[in-house]
Amino acid sequence: MKLSGSEIIVKCLIEQGVDVIFGYPGGAVLNIYDELYKNQDKILHILTSHEQGASHAADGYARSTGKVGVVLATSGPGATNLVTGIATAYMDSVPMVAITGNVGVSSLGKDSFQEVDITGITMPITKHNYIVKDVNKLADTIREAFAIARSGRPGPVLVDIPKNITDPKCKAEYEPAVIDTKVFAKKLPHVSDDRIKEIADLINQAKRPFIYAGGGIIRANASEELNQFANMMDIPTCTSLMGLGAFDQTNRLSTGLVGMHGTVASNKCIVECDLLLALGVRFSDRVLSNRKHFAENAKIVQVDIDLAEIDKNIPTDYSLVMDAKEFLDRLLPYLKPKKNPIWLALVDSWKNIFTENQMSSTLKPRFFMEEIQRATNGDCYICTEVGQHQLWAAQYFKYTKPNRLMSSGGLGTMGYGMGASIGTQIAHPDAMVFNIAGDGSFRMNFNELLTISKYNLPVCVIVANNQVLGMVRQWQTAFYEKRYSQTILDTVLDYEALAKALGVSYYECFTKDDYSKAIEETVKLRRPTLINAHVEIDEKVLPMVAPGHQIDDIMLK
């Protein structure tokens, strides 16, 4: 049957299982929006306050579900407003399809109104991108975009569609079709059983093995296998920021976060282990710090689905380019269950170091997270902005399941969390979603509180309000002799008046009792909420490893 380009787009979205998209309309996408209007019983559209918020919402939806998030924007500034969100998704391997409108094909390259070369702009930050100049290629292009976004190492794909392609008079044959995702996955080298057995022998013989797990475990849906493996072999396990939730942090084997703001136990294990199993990680500079002295006493095994990550940041002794789930499934039969009592006793002794940090009768960020854990029994979703609060959210909440933390790790995008919390809550309507923010990040995106209010989403935004750009100030304190250049924020903003104007519940917290009451009522009432929680101006994220220092050269004050 013959359909218009806009009809084909919506048919293909439905075909791909899309039931919600996030976006903002404009002239170049009016035909698409008209078709969405006709199909609003099949696809829910969430109108955000800004295109960047829509891109982060699609990202949060994708991270919390494992599905492809979809964002739609018009040409020119609408498209460029997606760029930070696309880059955020690219750095953290999040499956997303961004659809943008553009001027008609005959107007391309003529500096037309709201024309921009968005495919050129986004080429370095997408897995692939397209501009569709022939309506006959539209359906297959959209199908390919979803297949590429999902396959191998996931990531964002952009499809730019000139307006004439979506015109009601511009038609093409359409037939439902399914594309095999595997066709678009990079062909991985064959890993022989002998190679798997070689790794198994290393694990069986190791006296001080240690697992460093990352976001690749979550993307591969390998969390269950990871937990089984670690328990079977009695191996202590840490995670990167992107890997939080891949391993049950209530398990005795969990050592928590690793790296610049990792736990003492995790960082000590990196130094003292004799075998480091790096699964689905890219050895970020925020973990490595000093490359020369990272796991220098250990054999390093790296398993990653992306060949480009192998030996990129640190040389390894053994590397396997393969899916993490497949690796663990094939590895387990070769292993001999064992216990490591001497090694674990040493690890436990490191866990007892610095356990009293932020334990206080006054309101501290640690209490923010522990109280959320208590009030929800840990059954909630956490989104974050970027800064000190992001690390406090990573350190003081025990993540037991994958896809429960939405945070910008690679790009470090201030302003990410509010949009992400919208996408996460839309994906999980019965869940409680918390966005942990700093007062600096809050200024970048509080317009999206209007979106949260409009759709009456039970999202609780908690602002750790220290009236400064906290993380930058912490570095200025440590490394710039307390020269606080442009990091002290004004105190003019009236949070209560803002909350009232936007139609969200408001709590101001100075004490632990204030905060406990606010969290209790928020969980009970399930309304859009803003909590203004005051934090001491020089509260720090600790432990900390200074840039370039060895990973066990840990600052505790």
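Quick note: structure is the one above.
Report on the accompanying structure.

Quick look at the overall build of the protein chain
A count of helices and strands for the protein chain gives 22 helices and 22 strands. For 557 residues, the compact-globule estimate of 2.2 N^0.38 gives 24 Å, and the protein chain sits close to it at 24 Å. Considered along the principal axes of its C-alpha atoms, the protein chain spans approximately 75 × 65 × 45 Å. With 557 residues in all, the protein chain has 59% of them scored as buried. Here the contacts in the protein chain between residues at least 6 apart in sequence split such that 76% fall between residues at least 24 apart. As displayed, the protein chain has an accessible area near 22600 Å², and 52% of this comes from carbon and sulfur atoms.

What about the pairing of strand β12 (residues 275-279)?
Of all five residues making up β12, five are buried, and the element is well covered by its neighbours. Burial of the side chains of β12 extends over both faces: Leu275, Leu277 and Leu279 are buried on one face and Leu276 and Ala278 on the other. In terms of strand pairing, strand β9 (residues 209-213) meets β12 through five bridges, oriented parallel. What sits directly across from Tyr212, in β12, is Ala278. Alignment of β12 against strand β13 (residues 299-304), held across five bridges, turns out to be parallel.

Structural notes on the sheet that holds strand β20 (residues 529-534)
Across the sheet, which stays open at both edges, the six strands sit in the order β16-β15-β17-β18-β20-β19 with parallel pairing between neighbours. At either end of the open sheet lies a strand with only one pairing partner, and these are β16 (405-406) and β19 (505-509). Here strand β15 (residues 381-384) runs beside strand β17 (residues 433-438); their pairing, made up of four bridges, is parallel. Bridging across to β17, Ile382 finds its partner in Phe434. On top of the sheet, helix α15 (residues 365-376) reaches β15, β17, β18 (459-465) and β20; it is set at about 175 degrees to β17, its chief contact. Those strands touched by helix α22 (residues 512-525) are β17, β18, β19 and β20, and its axis lies near 160 degrees from that of β19.

Considering the pattern of salt bridges
Inspection of every chain in the model, using the stated rule, returns 26 salt bridges. As a salt-bridge pair, Asp306 and Arg153 come within 2.8 Å of each other at their nearest N and O atoms. On the criterion of sequence distance, the pair formed by Asp306 in the loop between β13 and β14 (318-321) and Arg153 in the loop between α7 (138-150) and β7 (156-162) is long-range, its members being 153 residues apart. A relative accessible area of 16% means that Asp306 is categorised as buried. Ionic pairing is found between Arg252 and Asp348, a salt bridge with its closest N-O pair at 2.6 Å.

Remarks on the packing of aromatic side chains
Given two aromatic rings, their pairing is described by the distance between the two centres and the angle made by the two planes. Scanning the model with the defined rule gives 10 aromatic pairs in all. The interplanar angle of 75 degrees and the centroid separation of 5.4 Å between the aromatic rings of Trp475 and Phe479 together place this pair among those described as edge-to-face. Of this pair, Trp475 and Phe479 both sit in helix α20 (residues 470-479), four residues apart, which is roughly one turn of that helix. Judged by its relative accessible area of 34%, Phe479 is partly exposed. The residue whose ring lies beneath Arg404 is Tyr381, and the NZ or CZ to ring-centre distance is 4.3 Å. In this structure, Arg473 is placed above the aromatic ring of Tyr484, and the distance from its NZ or CZ to the ring centre is 3.8 Å.

Things to note about the nonpolar core
Formed by 46 residues in total, the largest nonpolar core has its most connected members in Phe22, Phe442, Leu449, Ile452, Val461 and Leu530. Discounting chain neighbours no more than four positions away, the residues touching Leu530 are Phe442, Leu449, Val461, Val463, Tyr495, Ala499, Val504, Ser505, Tyr506 and Tyr507. In terms of nonpolar packing, the next biggest core, distinct from the first, is built from 36 residues, Ala213, Leu253, Leu320 and Leu332 among them.

What counts as what
Residues numbered from 1 in each chain as written. Predicted model: local features only at pLDDT ≥ 70, side-chain atom pairs only at ≥ 80, totals over all residues. Heavy atoms only, no water. Helix = DSSP H or I, 4+ residues; strand = E, 2+ residues; numbered from the N terminus. Rg over C-alpha atoms; globule rule 2.2 N^0.38 Å. Buried < 20%, exposed > 50% of the residue type's maximum accessible area, 1.4 Å probe, protein only. Contact = heavy atoms within 4.5 Å. Areas by Shrake-Rupley, 256 points an atom, 1.4 Å probe, with all protein chains shown as cover. Pairing = 2+ DSSP bridges. Axes fitted to C-alpha atoms, helices over the stretch in contact; angles between N-to-C directions. Salt bridge = Lys/Arg side-chain N within 4 Å of Asp/Glu carboxyl O. Phe/Tyr/Trp six-rings, centres within 6.5 Å; stacked < 30°, edge-to-face > 60°. Lys NZ or Arg CZ within 6 Å of the ring centre and 35° of its normal. Core = buried A, V, L, I, M, F, W, Y, C linked by side-chain atoms within 4.5 Å.

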